[in-house]
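Structural characterization, general
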Amino acid sequence: MSKQQASLPWQRQSAAKHTKWHRIKAYKWLYVLLLPSIAYFFLFSIVPYYGLTIAFKNFSPFVGIADSPWVGLRHFERLMENPDFYRLLRNTLLISLYKLGFGFPVPILFALLLNEVRSVVFKRSVQTITYFPHFLSWVVFGGIVVTFLTPSGVINAMLKAFGMAPVNFLVDQQFFRPILVVTGILKDFGWSAIIYLAALAGVNPELYHSAKVDGAGKFQQMLHVTLPGILPTISLMLIINLSHLLDAGFEQIFVLMNPTVYEVGDIIDTYVYRMGLEKGQFSVATAVGLFKGVIGFVLIVSANWLLRRFDQRSIW
């Protein structure tokens, strides 16, 4: 029997601990550089969890979180009994699903098309133009959208030129959700395509040569080589998007919404804003936010589990 096999379990554990400590000492300065990031996430992501207790208290800013009386699940009961809550939940889910269904494939298709461009100058120019809206705040971008969609805007000027009656898009309920979807895509599809372009760069070129030898055309190469090559990235991005299913886009809706479209445009985040900041009902707003966080957690865990069941790349 060798010495390694004859070693006792506690000796092997001691050797493993010694190896870990030796590794930490060898890369100690890298760990030191990691400390600011750890401190940042601890202060702004872990410590704020204490504030979630507001959802279970009758919070008053004059007495503080610790001295506010406990009320248990009363705020959640009020939330479920509020008829407006189900309208908010419906609007949030519908807008998010529309954005996911119509918006998620766009950067993938854009990346696939851009990947086929051989002119470097044209490719870089298109990338720059499509990336730019992402760096504009929704206040600026929303102002541009409003300018285009007002009765005296560019879109209505074109309608008048074709002999059609002008339409006030921003106060018409049937147009509000499509406007949210289209403007959301226009603002972020170029930026979202970056990660897919990076994934495309990692596809083995020899696979394309083999496909050409087998007689595959461009479409067959995309179908059988390109898409399978970036499928793990698509799966990962899908998980991330599903985790934000109840984030329908507060800034975008807050900028574009007006009282005439509350019925179809009011979402959970705008309700939290009104309850928390305008009416000072911090406990109710926190309860709504906690409910949204729990749903998001369940969605991301479920999506991750499904992807693992289908042998796709997952977050953990």
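See above for the structure.
Figured I'd write up the structure that's included with this text. Every value quoted in this text rests on a predicted model; they were computed, and no experiment measured them. (Residues numbered from 1 in each chain as written. Predicted model: local features only at pLDDT ≥ 70, side-chain atom pairs only at ≥ 80, totals over all residues. Heavy atoms only, no water.)

With that out of the way, let us pick up the overall build of the protein. Counting secondary structure elements, the protein contains 17 helices and 0 strands. Against the globule reference of 20 Å for 316 residues, the protein gives a C-alpha radius of gyration of 26 Å, more extended than a compact globule. Each of the 316 residues in the protein was classed as buried or not, and the buried ones make up 35%. In the structure as shown, the protein presents an accessible area of about 20100 Å², 68% of it carried by carbon and sulfur atoms. The centroid of the 27 positive side-chain charges in the protein is displaced by 13 Å from the centroid of its 16 negative side-chain charges. (Helix = DSSP H or I, 4+ residues; strand = E, 2+ residues; numbered from the N terminus. Rg over C-alpha atoms; globule rule 2.2 N^0.38 Å. Buried < 20%, exposed > 50% of the residue type's maximum accessible area, 1.4 Å probe, protein only. Areas by Shrake-Rupley, 256 points an atom, 1.4 Å probe, with all protein chains shown as cover. Lys, Arg positive; Asp, Glu negative; His and termini not counted. Charge placed at Lys NZ, Arg CZ, Asp CG, Glu CD.)

A word on the packing of helix H11 (residues 173-201) against helix H13 (residues 218-243). For the pair H11 and H13, interaxial distance at closest approach is 9 Å and the crossing angle is 140°. In terms of orientation, H11 and H13 fall into the oblique class. As H11 runs across H13, the sense of the crossing is right-handed. For the pair H11 and H13, contact is made by Ile195, Tyr196, Ala199 and Leu200 and by Thr226, Ile230, Thr233, Ile234 and Met237, respectively. Looking at the contact of H11 with H13 residue by residue, the class counts come to 7 nonpolar, 2 polar and no charged. (Axes fitted to C-alpha atoms, helices over the stretch in contact; angles between N-to-C directions. Parallel < 35°, antiparallel > 145°, perpendicular 65-115°, else oblique. Left-handed = near helix turned anticlockwise from the far one by under 90°. Contact = heavy atoms within 4.5 Å. Nonpolar A, V, L, I, M, F, W, Y, C, P; charged D, E, K, R; others polar.)

Membership of the largest hydrophobic core comes to 25 residues, with the highest contact counts inside it found for Phe104, Ile108, Tyr196 and Ile230. Sorting the residues of this core by element identifies helix H7 (105-115), helix H8 (120-131), H11, helix H12 (205-213) and H13 as the ones contributing at least two each. The dominant element in this core, judged by the number of residues it contributes, is H11, at 8 residues. Excluding anything up to four places from it in sequence, Ile108 contacts Tyr196, Ile230 and Ile234. One finds Phe141, Ile179, Ile253 and Val264 within the second-largest nonpolar core, a separate group that totals 19 residues. (Core = buried A, V, L, I, M, F, W, Y, C linked by side-chain atoms within 4.5 Å.)

What follows covers the pattern of salt bridges. A pair can form between side chains of opposite charge whenever their charged atoms are brought close. Under the definition given, this model contains 7 salt bridges. Between Arg87 and Asp266 there is a salt bridge, with the nearest N and O atoms lying 3.8 Å from each other. Of this pair, Arg87 sits in helix H6 (residues 83-103) while Asp266 sits in the loop between helix H15 (262-265) and helix H16 (268-278), and the two are 179 residues apart along the sequence. Neither residue differs from the other here; Arg87 and Asp266 are each classed as buried. Arg274 serves as the salt-bridge partner of Asp266, at 2.7 Å between the closest nitrogen and oxygen. (Salt bridge = Lys/Arg side-chain N within 4 Å of Asp/Glu carboxyl O.)

Right, let's get into the layout of surface pockets. The gaps of empty space that remain are located by a probe, the size of a water molecule, rolled over the atoms. Here the largest pocket defines a volume of roughly 780 Å³. Every residue lining the largest pocket is counted, 25 residues in all, and those nearest its centre are Lys99, Gly184, Asp188, Ser192 and Asn241. Where the lining of the largest pocket is concerned, the elements lending two or more residues are H6, H11 and H13. Residue contributions to the lining of the largest pocket peak at 8 residues, all from H11. When its residues are assigned to classes, the lining of the largest pocket shows 13 nonpolar, 9 polar and 3 charged. If you trace the second largest pocket, you find 19 residues lining it, with Asn115, Glu116, Arg118, Tyr208 and Thr226 closest to the centre. Listed by contribution, the elements that provide at least two residues to the lining of the second largest pocket are H7, H11, H12 and H13. (1 Å grid on protein atoms, 1.4 Å probe; cavity = no way out; pocket = protein on both sides within 12 Å on 5 of 7 lines; lining within 4 Å. Points joined across faces, edges and corners; volume = space filled by probe spheres on them.)

Where H16 meets helix H17 (residues 282-309), the closest approach of the two axes is 8 Å, and the angle between their N-to-C directions is 160°. Taken together, the axes of H16 and H17 lie roughly antiparallel to each other. As for the relative orientation of H16 and H17, their crossing is left-handed in sense. Contacts between H16 and H17 involve Ile268, Asp269, Tyr271, Val272, Met275 and Gly276 on the former and, on the latter, Phe282, Val284, Ala285, Val288, Gly289 and Lys292. Partitioning the contact of H16 with H17 into residue classes produces 8 nonpolar, 2 polar and 2 charged.

With that out of the way, let us pick up the environment of Leu93. Of note, Leu93 is situated in helix H6. Classification of Leu93 as partly exposed rests on a relative accessible area of 30%. Residues Leu93 and Gly72, spaced 21 residues apart in sequence, show a C-alpha to C-alpha distance of 27 Å. Excluding residues within four positions of it along the chain, Leu93 makes contact with Leu245 and Leu246.

A contiguous nonpolar surface patch, about 1200 Å² in accessible area, is contributed by Trp21, Ile24, Tyr27, Trp29, Leu30, Tyr31, Val32, Leu33, Leu34, Leu35 and Ile38. Within the residue set of the nonpolar patch, elements represented by two or more residues are helix H2 (9-26) and helix H3 (28-46). Ranked by residue count, the leading element in the nonpolar patch is H3, at 8 residues. Inspection of the secondary structure assignment puts Leu33 in helix H3. (Patch = residues over 30% accessible without salt bridge, like charges linked within 9 Å, V, L, I, M, F, W, Y side chains within 5 Å.)

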